[in-house]
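Here is how the chains run, residue by residue.
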Amino acid sequence: MLKVGLTGGIGSGKSTVASIFEVLGIPVYYADNEAKRLMNEDPAIRISIENHFGKECYVNGLLDRTFLSSVVFNDQKKLGLLNDIIHPLTIADAEKWMKTQQAPYAIKEAALIFESKSDNRLDYIIGVQASIKTRISRVIKRDHSSEEKVMAIIEKQMNEEDKMSLCNFVIDNDEQNLLTPQVIALHEKLLSLSK
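Everything quoted here is computed from the prediction, not taken from an experiment. (Residues numbered from 1 in each chain as written. Predicted model: local features only at pLDDT ≥ 70, side-chain atom pairs only at ≥ 80, totals over all residues. Heavy atoms only, no water.)

The next thing to look at is the sheet that holds strand β5 (residues 105-109). The strand order across the open sheet formed by five strands is β2-β5-β1-β6-β7, and the pairing between neighbours is parallel. If you trace the sheet from one side to the other, it starts and ends with β2 (28-30) and β7 (169-172), each paired once. Averaged over all neighbouring strand pairs, the angle between strand axes comes to 20°, with direction disregarded. Judged from the three bridges that link them, β2 and β5 form a sheet pairing that is parallel. Residue pairing in the sheet places Y30 in a bridge with E109 of β5. Packing against the sheet, helix α2 (residues 31-41) makes contact with β2 and β5, and its axis sits at approximately 55° to β2. Docked against the sheet, helix α5 (residues 76-99) engages β1 (2-7), β2 and β5, running at close to 160° with respect to β5. (Pairing = 2+ DSSP bridges. Helix = DSSP H or I, 4+ residues; strand = E, 2+ residues; numbered from the N terminus. Axes fitted to C-alpha atoms, helices over the stretch in contact; angles between N-to-C directions. Contact = heavy atoms within 4.5 Å.)

Below you can see the structure in the form of C-alpha cells.
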C-alpha cells in the first residue's frame, strides 16, 4: 500500500481535497485532529505540556488550545518545543494507523509534512495551493478571524512556492480550476502507481 502525504498552507483547502479522496474510498488520517486527540488523551503528552507551558493549558481535563496558542505563537523556541513533543507521537500514530489500512493507498493530511520531517516516511506527497487572497478570504470566513491574524499565521508557515516545489503532485484549489476532476485524475494515477 502506498503512503501518500497531503499538505498545503492554511486556507489552501487540504481538508476539502482530503474529503474528496474519502468519497473515492481512500482512507485519510487527519494529523491536526489526531494531534488534538493525543494532547487530550495521552497522559505523557499532558504532563509534558503542563510542565513546559503551565497547568493552565488544561481546563477540566481538556486542552485549552486558545491558551496554549497564545503561549507559543510568538515564541519560536516554545513553538519548537511544543512541536518536538507532539510531532514524533503524531508521526508514530499515523504509522500505526497506516498499517491497519486495506486500500491501494492511504493519505496523511498534515500542514507540516516537510517541517516535521515526516515526508521521508511517505511514498508521494500532494500539495494543495491557492492564491494568498483566496486563502485569507477562506480562513476569515471559516474562523471569523481578521486579515491581520491570518497573515500572521501565513508568514510563520513555510513559503508556499518552496513547499509546492517539494511535492510530487500539485492541485490548484484557486476556484479557477474545477477541484474534483483534478482529484479524480490524481486518484487514477495513484491507483496505477500502487499496482
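Here we take up the packing of helix α1 (residues 14-23) against helix α9 (residues 179-193). The geometry of α1 relative to α9 is characterised by a closest axis approach of 10 Å and an angle of 55° between their N-to-C directions. The angle between α1 and α9 falls in the class oblique. Handedness of the crossing formed by α1 with α9: right-handed. Across the interface between the two elements, T16, V17, I20 and F21 from α1 touch L179, T180, V183, L186, H187 and L190 from α9. Taken together, the residues of the contact of α1 with α9 sort by class into seven nonpolar, three polar and no charged. (Parallel < 35°, antiparallel > 145°, perpendicular 65-115°, else oblique. Left-handed = near helix turned anticlockwise from the far one by under 90°. Nonpolar A, V, L, I, M, F, W, Y, C, P; charged D, E, K, R; others polar.)

Counting 20 residues, the largest nonpolar core has V17, F21, Y105, I107, I126 and L190 as the members making the most contacts within it. Counting only elements with at least two residues in this core, the list comes to β1, α1, β2, β5, β6 (124-129), β7 and α9. In this structure, I126 is in contact with V4, G5, L6, T7, F21, C167, F169, I171, L186 and L190, ignoring residues within four places of it in sequence. Counting 15 residues, the second-largest nonpolar core is a separate cluster that includes C57, L63, I85 and I86. (Core = buried A, V, L, I, M, F, W, Y, C linked by side-chain atoms within 4.5 Å. Buried < 20%, exposed > 50% of the residue type's maximum accessible area, 1.4 Å probe, protein only.)

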